[in-house]
Amino acid sequence: MKNIIVAGAIAATSVLAPQMGAAQSATVQQIMDRGTMLCSGHNGSYFGFIEVNDQNEWKGLDIDLCRALTTAILGDPDANQIVPLSWAQRFPALQSGDVDVIIKATGWTMGRDTELGLQFSLPYFFGGTQFMAHGDLGITDATGLEGGTVCVEAGTTIERLAANHMATIGVEHTMVSYESQAELRSAYLANRCDAFAGWGPNLAVLRATELDNPDAHVILNDQLSSEPISAAMRQGDEGFVDTVNWMIAALLIAEEEGITSANVDEMAATPPNPRVARLLGVEPGMGERLGMRDTWAREMIAAVGNFAEIYDRNLGKDSPYNLERGLNSLWSDGGVLYAPILD
């Protein structure tokens, strides 16, 4: 319940101030005048979020959200330029105008919100610290690690989170710290650890890409932390924040209503309810409030799918990583993601 209340508070500004639309957004107007949106990329591959495929094309959850936003504003998912950036470069690049928005696995923190001149969108992903364990233990959560050995990287917040979690659930264990990720990984693979702790998406990538037998390892259900991942924008352009927020919201509403890239035209032809009619532009208003086309969400869903389609092909069951959605499920499926009300 606590997570739902927090997410609702985050969404409130977009719901209560529809008059601050993209028609007044300098950023949206600049993107339209340029005919291209500048999105943050990565100076390499951040698997599942921002990576390059065998055809030298950008892909990933964050890339698809960039394509969704590009479609919403310009009507073309490919009318964007992905700007490769290191983690340190992303905020200066946004402030200097080298990119229009940062969609790059970026955590929403108080320091970034108050000290760097940034604004954040609705969270589109919650990434938390989890455990990965050897599958032959036959366990699904950390209570099965009673009497076992848990390995962590020394001097990290993950080390503290793991120790606190095990103390909280009352599981007796031995914790061993290693100075580097490489040493930690080697110790786990040599069976000196029953489990080790890390950021959930990174564990899924490791299991899929660097372990000889991915099926011999399981990511446990425990969530040791939950960091909200959001798009970041420059402060002072509330209309652009509204546009990004409702892009994310539209993808979630589409999933809730069963609207997919395959059936969106059919849904638009015969909307099953007024909410779908508003979302897909059959009932006017979806575009006017944001200074865009009434059909922007319909075009976006046709191009990239709903949120479930985006998640599944980049991180979930249709990807090499097979990361369970967990907290990133819709509220109706036991997760914390939900859209503000489309009235």
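Keep in mind that this is a model prediction, so the values were computed, not measured.

Caption draft 1: Representation of the overall build of the protein chain. Within the protein chain one finds 13 helices and 13 strands. Relative to the 2.2 N^0.38 estimate, which gives 20 Å for 343 residues, the radius of gyration of the protein chain is 21 Å and therefore close to what a compact globule would have. Across its three principal axes, the protein chain shows a C-alpha extent of roughly 60 × 45 × 40 Å. Counting only residues that meet the buried cut, the protein chain has 52% of its 343 residues in that class. Restricting to contacts in the protein chain with at least 6 residues of sequence separation, those with at least 24 account for 71%. Entry remark: accessible area of the protein chain is about 14,800 Å², with carbon and sulfur atoms responsible for 50%. For the protein chain, the separation between the mean place of its 20 positive charges and that of its 44 negative charges on side chains is 3 Å.

Caption draft 2: Quick look at the pattern of salt bridges. Scanning the model with the defined rule gives 13 salt bridges in all. The partner of arginine 275 in a salt bridge is glutamate 256, with the nearest N and O atoms 2.7 Å apart. Separated by 19 residues along the polypeptide, arginine 275 in helix α11 (residues 274-279) and glutamate 256 in helix α9 (residues 238-257) bring together distant segments of the chain. Overall, the relative accessible area of 21% leaves arginine 275 in the partly exposed class. Residue class for glutamate 256 comes out partly exposed when judged on its relative accessible area of 26%. For glutamate 299, the salt bridge is made with arginine 293, and the minimal N-O distance between the two is 3.0 Å. Its relative accessible area of 27% is what places arginine 293 among the partly exposed residues.

Caption draft 3: Layout of helix α3 (residues 61-74). If you check α3, its first and last C-alpha atoms are 20 Å apart, about what 14 residues at 1.5 Å a residue would give, namely 20 Å. Where burial is concerned, most of α3 is hidden: 12 out of the 14 residues are buried.

Caption draft 4: Looking closely at the state of the cysteines. One pass over the full model with this rule turns up 2 disulfides. The residue that forms a disulfide with cysteine 39 is cysteine 66, at a sulfur-sulfur distance of 2.0 Å. Classification of the bridge connecting cysteine 39 and cysteine 66 rests on its S-S torsion, roughly 90 degrees, and on that basis the disulfide is right-handed. A residue pair is termed long-range when its members are at least 10 positions apart, and cysteine 39 in strand β1 (residues 37-40) and cysteine 66 in helix α3 qualify at 27 residues.

Caption draft 5: Main features of the sheet that holds strand β7 (residues 129-134). Across the sheet, which stays open at both edges, the 5 strands sit in the order β9-β8-β10-β7-β11 with mixed pairing between neighbours. Only two strands of the sheet have a single partner each, and these edge strands are β9 (174-178) and β11 (217-219). Within the sheet, the average angular offset between the axes of one strand and its neighbour, ignoring direction, is 30 degrees. Pairing of strand β8 (residues 149-153) with strand β10 (residues 195-199), which is carried by 2 bridges, proceeds in the parallel orientation. Bridge assignment links valine 150 to a residue of β10, and that residue is alanine 195. Its contacts with the sheet put helix α6 (residues 157-168) on β7, β8, β9 and β10, and the angle it makes with β7 is roughly 75 degrees.

Caption draft 6: Examining the packing of aromatic side chains more closely. Under the definition given, this model contains 8 aromatic pairs. Judged by centre distance (5.8 Å) and plane angle (40 degrees), the ring pair of tyrosine 46 and phenylalanine 49 falls under tilted. A relative accessible area of 0% means that phenylalanine 49 is categorised as buried. Ring centres of tyrosine 188 and phenylalanine 196 lie 4.9 Å apart, and the angle between their planes is 65 degrees; on these two criteria the pair is classed as edge-to-face. The burial state of tyrosine 188 is the same as that of phenylalanine 196; both residues are buried.

Caption draft 7: Just the packing of α3 against α9, in detail. Here α3 crosses α9 at 115 degrees, and the two axes come no closer than 10 Å. Comparing the axis directions of α3 and α9 gives the class roughly perpendicular. Crossing hand, α3 versus α9: right-handed. In this structure, α3 contributes Leu65, Ala68, Leu69 and Ile73 to the contact, and α9 contributes Phe240, Thr243, Val244, Met247 and Leu251. Of the residues belonging to the contact of α3 with α9, the class tally is 8 nonpolar, 1 polar and no charged.

The rules we used
Residues numbered from 1 in each chain as written. Predicted model: local features only at pLDDT ≥ 70, side-chain atom pairs only at ≥ 80, totals over all residues. Heavy atoms only, no water. Helix = DSSP H or I, 4+ residues; strand = E, 2+ residues; numbered from the N terminus. Rg over C-alpha atoms; globule rule 2.2 N^0.38 Å. Buried < 20%, exposed > 50% of the residue type's maximum accessible area, 1.4 Å probe, protein only. Contact = heavy atoms within 4.5 Å. Areas by Shrake-Rupley, 256 points an atom, 1.4 Å probe, with all protein chains shown as cover. Lys, Arg positive; Asp, Glu negative; His and termini not counted. Charge placed at Lys NZ, Arg CZ, Asp CG, Glu CD. Salt bridge = Lys/Arg side-chain N within 4 Å of Asp/Glu carboxyl O. Expected span 1.5 Å × (residues − 1). Disulfide = S-S within 2.5 Å. Pairing = 2+ DSSP bridges. Axes fitted to C-alpha atoms, helices over the stretch in contact; angles between N-to-C directions. Phe/Tyr/Trp six-rings, centres within 6.5 Å; stacked < 30°, edge-to-face > 60°. Parallel < 35°, antiparallel > 145°, perpendicular 65-115°, else oblique. Left-handed = near helix turned anticlockwise from the far one by under 90°. Nonpolar A, V, L, I, M, F, W, Y, C, P; charged D, E, K, R; others polar.

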